[in-house]
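Each chain, written out:
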Amino acid sequence: MSNNQTPWSAFSGPNLGYVMEQYDVFLQSPDDVDPELVELFKQYGAPKMPASSSSNSPDTPIVEPNNFEKVVNAIQLADAIRNHGHLTANIYPLNDGPKEDSKLNLTTYGLSEQDLREVPVSFLIKNAPANIMNGLQAIEYLRSMYTDKIAFEIAHIVNTEERTWLQEKIEKGAIREKLSAEDKKQLLKRLTQVEGFEKFIHRTFVGAKRFSIEGLDSLVVLMDELVRQSNKTNTKQVNIGMAHRGRLNVLTHVLNKPYEMMFAEFAHVPTESFLPKDGSLELSEGWFGDVKYHKGASYRSQSGLTVKLAYNPSHLEVVSPIVTGQTRAAQETTDAAGYPVQDKNAAFAILVHGDAAFPGQGVVTEVLNYSRVRGYQTGGSIHIIANNMIGFTTEHYDSRSTNYSSDPAKGYEVPVIHVNADDPEAVIGVAKFAHEYRQKFGKDIVIDLLGYRRYGHNEMDEPLVTNPTMYHSIHKHPTVRELYGKQLVAENLMENSDVKSLDQSVFAEMQQAYDRVKELPPSTVHDIVIPQVVLDGMPEIQTGVEESKLAKINEELLTWPADFNAFKKLEKILKRREEPFKGKGKVDWGHAETLAFATILQEGNSIRLSGQDAQRGTFSHRHLVLHDEKTGAELTPIHAISDGNASFVVHNSPLTEAAILGYEFGYNLEDNNSLTIWEAQYGDFANMAQVMFDNFISSARAKWGLKSGLVMLLPHAAEGQGSEHSSARLERYLQLAAENNWTVANLSSAANYFHILRRQAKMLKEDAIRPLIIVSPKSLLRHPLVGADVADLTTGQFETVVEQPGLGQQADKVEKIIFVSGKLAIDLADKVKDGAGFDHIHIVRVEQLYPFPQEKIQQIVSRFPNAKQLVWAQEEPENMGSWNFALPYLLEIAKDQEITYVGRVHRASPAEGDGDTYKVEQARIIEEALKSL
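Residues numbered from 1 in each chain as written. Predicted model: local features only at pLDDT ≥ 70, side-chain atom pairs only at ≥ 80, totals over all residues. Heavy atoms only, no water.

- The name given to the protein in an unreviewed UniProt entry is 2-oxoglutarate dehydrogenase E1 component, with the source organism recorded as Psychrobacillus psychrotolerans.
- UniProt, in its Function (unreviewed entry) section for the protein, records the words "E1 component of the 2-oxoglutarate dehydrogenase (OGDH) complex which catalyzes the decarboxylation of 2-oxoglutarate, the first step in the conversion of 2-oxoglutarate to succinyl-CoA and CO(2)."
- The record in UniProt for the protein states the following under Catalytic activity (unreviewed entry): "N(6)-[(R)-lipoyl]-L-lysyl-[protein] + 2-oxoglutarate + H(+) = N(6)-[(R)-S(8)-succinyldihydrolipoyl]-L-lysyl-[protein] + CO2". (UniProt positions renumbered as here; feature names shortened; annotations may be inferred.)

As structure tokens, then:
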């Protein structure tokens, strides 16, 4: 049913009057109304008298009284075809998918073909083609549109304009591609290249893993068309995320990685000499490397369009948020104060999913959920389900509870198009349609590309062992190249000999490429060489800012428009930030952060901060976005500072960790001038994003040569709040620490936080940059011993170690040196005060845990000749925290000194559940750490 009209628009005069009478009856007693009418009333509501006319239009067909029920039933049949035609569509190449046509049978609606002939066409299709003369022809036409090799699911779309546009496009036949004879020949050539590439590797490198595309060869055709459409709309960048299935074929044919380079990788021959000399193809490689089917590339075409394929680990689906983050960064201009300016046409994402992974991996719905959220939307991603109808060895009935693998998308009002991968012309039409839909509505769309997998999960598997029925069918099924070649022969566009000759010429081209590869000697096992700039670590950089500049920034941050109605209590709290510049009080953590952000913007680095409740801050310490108490309007004071040279934005994120952290990592990869920050609501929330830390953030440079300066803030400290909100699982990030892959800090000073943020921003474009993890404070956010004097921000740098003021003045008396980080450092400082009575100890705050500041600590220890004991104190259990990480370094530092641990004993849970128990244990740790020998 067209959505510009309801069934009632087909009736007028007495017929409409009858329907309106029946609606009145329906409101009082539905059981007294024909069931068919009841369904229409439920679906379309009350019938209405046309406002523009009081009499029948000459174009409005008249329904005879005895035909009324037939017309209603015919309308229901037409709508059933629109809504359920996909259930019986010819979308499965092996013809092995479930089909259900009971809702589309004439008998279901008590109709005959003659009944339909008597129904006017306009009741069933708006603006039907001129050759459709009656209702039967209209129904047959709808069947041809909705149940062929392209099928549609759009009934779940809420927006009327959107649903109407989709329906009109479908029913006009606009999606059916009409190719010229030359285009068809070029399409066959492309299919021959795609299949030929796989066949050549299969024969030449027997048993080698390649995760073949065969059975879904049209995936390359689909991507080709999306790239062509991007050129037409002057899009600057297309970002592709996909797993390993078909990846080598996409690298070769969509990103134009030369055959020689690909064959060289299989033959273990150096590839550098085959890299295009025109600079069109960019590849990166880490010193540790990765398998070929995880690698990515960036290709710049002669038109100026850049196509990027993201580097991706084996963990299916986790690359999607990285790619959407990269896409948002590619869309945004960030070189002016205020919010970033987004151009949604500048870039878009193609996200390729597996049919088992799309419903099976939660990160998929995380990405769909943020697809229309202001901080994360990219104007629509084009999702492609590379649907093999199998996951490894698991068939669909064991891998999902839904009819289609695409069904999760419907909950987010995403249109779904199913297309038979054996019909490449249909695939091209669907690609154009999907691109046009994104351009018009700025929303995600799903293409369910239904095919099969010609071999096992990899080329060494024997699928007949686990999936015999499916694979007996597959072995008998011709390839899409063979099918399309026969089609062109049947259309008298080619001879059989032409099809065979094309296959031979493509194979010969690949053989010639491989012959060039064979001229080079095989690679020897290469040494793993870490770049010196990585080994050297982060340099020490002066990051102080003149007091006059800080004072001016502070004043501007606290000067709001006259018509802005701040929440009075909050206004009073924020106005206290004037006091440190008048010689009163301290600059607390949130204040230091804001001042650091402002100075970073003035120096030309944009800032993007996101996380759950990040605008206010979990602990109400930040308040970077203010809300008008009367209107709710937002104000971001940092936008108004003078000399701001870059954009600033802070987004409250959805209640999602993995996808949001991945998104921010991708954003920073694409825009290396942006200080990109993700804050966990509590540090333990990062548990849900562990795959991003493991597979991307910690290892992307070693594997793929990708540099990132992403900052992660993970609130962490034992404060009697129970097991979950106490620990950021610091030990995990220290366990992953190696090869200077990131910085891990547990700070006890607002000044040090100010300086480490500024250091990170200054290093963003340098080769020495690396991610920064800060296990950030909670109760310390406003602690006076953590706060900074303004002078602490005007000079100096980030300090990896900080010695406790007032201690260690009489070096000969020091017998115990305590190493501590974060909140426990402040607990100890609170206890020793000015140091009176504690001449026997010295406290060293280890602010940076990795890279471990061994040299600086060694120098400190050497100043105390009578020190007998080196103590590592922490509030985490002994099997957690930083103790086990620090111990090997302490063993190297110690000479004759005893090394001692002070903290909680081994525990399965990171913290006590009872606040009183926590206090007793915390007091014990403090007392034991400070006691005399």
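From this point on, the discussion continues.
1. Things to note about the overall build of the protein
Then step 1. Helix and strand counts for the protein come out as 32 helices and 27 strands.
Then step 2. Its C-alpha atoms give the protein principal-axis dimensions of about 110 × 80 × 50 Å.
Then step 3. Here the contacts in the protein between residues at least 6 apart in sequence split such that 79% fall between residues at least 24 apart.
Then step 4. Side-chain charges of the protein comprise 94 positive and 123 negative groups, with the mean position of each set lying 3 Å from the other. (Helix = DSSP H or I, 4+ residues; strand = E, 2+ residues; numbered from the N terminus. Contact = heavy atoms within 4.5 Å. Lys, Arg positive; Asp, Glu negative; His and termini not counted. Charge placed at Lys NZ, Arg CZ, Asp CG, Glu CD.)

2. Describing the UniProt feature "domain: Transketolase-like pyrimidine-binding" (unreviewed entry) in the protein
Then step 1. UniProt's entry tags residues 587–783 with the feature "domain: Transketolase-like pyrimidine-binding" (unreviewed entry), counted in the numbering of this structure.
Then step 2. Along residues 587–783 one finds 30% helix and 15% strand; the C-alpha atoms at either end are 10 Å apart.

3. A look at the pattern of salt bridges
Then step 1. Under the counting rule described, the total for this entry stands at 47 salt bridges.
Then step 2. One continuous salt-bridge network, built from bridges that share partners, spans E195, K199, R481 and D503. (Salt bridge = Lys/Arg side-chain N within 4 Å of Asp/Glu carboxyl O.)

4. Description of the side chain of Q874
Then step 1. With respect to the element layout, Q874 can be found in strand 26 (residues 869–877).
Then step 2. Within the structure, Q874 has its side chain in polar contact with the backbone oxygen of M880 (distance 3.1 Å).
Then step 3. Excluding residues that lie within four positions of it along the chain, Q874 makes contacts with L824, M880, G881, S882, W883, Y901, V902, G903, R904 and I925. (Polar contact = N/O pair within 3.5 Å; in protein donor to acceptor, adjacent residues only side chain to side chain.)

5. As for the environment of L570
Then step 1. Tracing the backbone shows L570 in helix 21 (residues 568–575).
Then step 2. Every residue in contact with L570, bar those within four places of it in the chain, is listed here: H623 and L626.

6. Observations concerning unusual backbone geometry
Then step 1. The step from Y850 to P851 runs through a cis peptide bond, and the omega angle for that step is -10 degrees.
Then step 2. The topology assignment puts P851 in the loop between strand 25 (848–850) and helix 30 (854–862).
Then step 3. The backbone of N127 shows a phi angle near 55 degrees, a positive value even though the residue is not glycine.
Then step 4. Among the structural elements, N127 can be located in the loop between helix 4 (113–117) and helix 5 (135–146).

7. A few points about the sheet that holds strand 8 (residues 347–354)
Then step 1. Across the sheet, 9 strands lie side by side as 1-12-13-9-8-2-5-4-3; this open sheet has mixed pairing. Where the open sheet ends on each side, the last strands, each with one partner, are strand 1 (150–153) and strand 3 (281–282).
Then step 2. Bridge count between strand 1 and strand 12 (residues 416–420): 4 bridges; the pairing is antiparallel. Bridging from a neighbouring strand, E153 pairs with V416 of strand 12.
Then step 3. Across the sheet, helix 15 (residues 424–441) is in contact with strand 1, strand 8, strand 9 (382–387), strand 12 and strand 13 (445–450); its angle to strand 12 comes to roughly 165 degrees. (Pairing = 2+ DSSP bridges. Axes fitted to C-alpha atoms, helices over the stretch in contact; angles between N-to-C directions.)

8. Some remarks on the domain arrangement of the protein
Then step 1. Examined at the domain level, the protein breaks down into domain 1 (7–44), domain 2 (67–148), domain 3 (181–255 + 267–333 + 345–492), domain 4 (547–795) and domain 5 (803–930).
Then step 2. Placing the centre of domain 3 and that of domain 4 at their C-alpha centroids yields a distance of 37 Å.
Then step 3. Facing the 36 residues of domain 3 at the interface are 33 residues of domain 4.
Then step 4. Taking both sides of the interface into account, the surface hidden between domain 3 and domain 4 amounts to around 2700 Å²; carbon and sulfur atoms contribute 62%.
Then step 5. Counting the surface domain 3 buries against domain 4, the share from its top three residues, W287, I322 and Y376, is 25%. (Domains from an automatic or database assignment. Buried area = accessible area lost by both parts, 1.4 Å probe.)

9. As for the sheet that holds strand 17 (residues 648–652)
Then step 1. On the basis of which strands lie adjacent, the open sheet formed by 7 strands has the order 17-14-18-19-21-20-25 and mixed pairing. Here the strands that pair on one side only, and so sit at the sheet edges, are strand 17 and strand 25. Strand-to-strand twist of the sheet, defined as the mean angle between neighbouring strand axes without regard to direction, takes the value 20 degrees.
Then step 2. Of the pairings in the sheet, the one linking strand 19 (residues 711–713) to strand 21 (residues 772–774) comprises 3 bridges and is parallel in character. Paired with V711 across the two strands is L772, which belongs to strand 21.
Then step 3. Across the sheet, helix 22 (residues 589–602) lies against strand 14 (606–611), strand 17, strand 18 (674–679) and strand 19, angled at about 145 degrees from strand 14, the strand it touches most.

10. Quick notes on the pairing of strand 13
Then step 1. Counting buried residues along strand 13, 6 of its 6 residues qualify, which places the element largely inside the surrounding structure.
Then step 2. Along strand 13, one buried face is formed by I445, I447 and L449 and the opposite face, lined by V446, D448 and L450, is buried too.
Then step 3. For strand 9 and strand 13, the ladder comprises 6 bridges, and the chain directions are parallel. Counted as the bridge partner of A386 is L449 from strand 13.
Then step 4. The pairing of strand 12 with strand 13 spans 5 bridges and is classified as parallel. (Buried < 20%, exposed > 50% of the residue type's maximum accessible area, 1.4 Å probe, protein only.)

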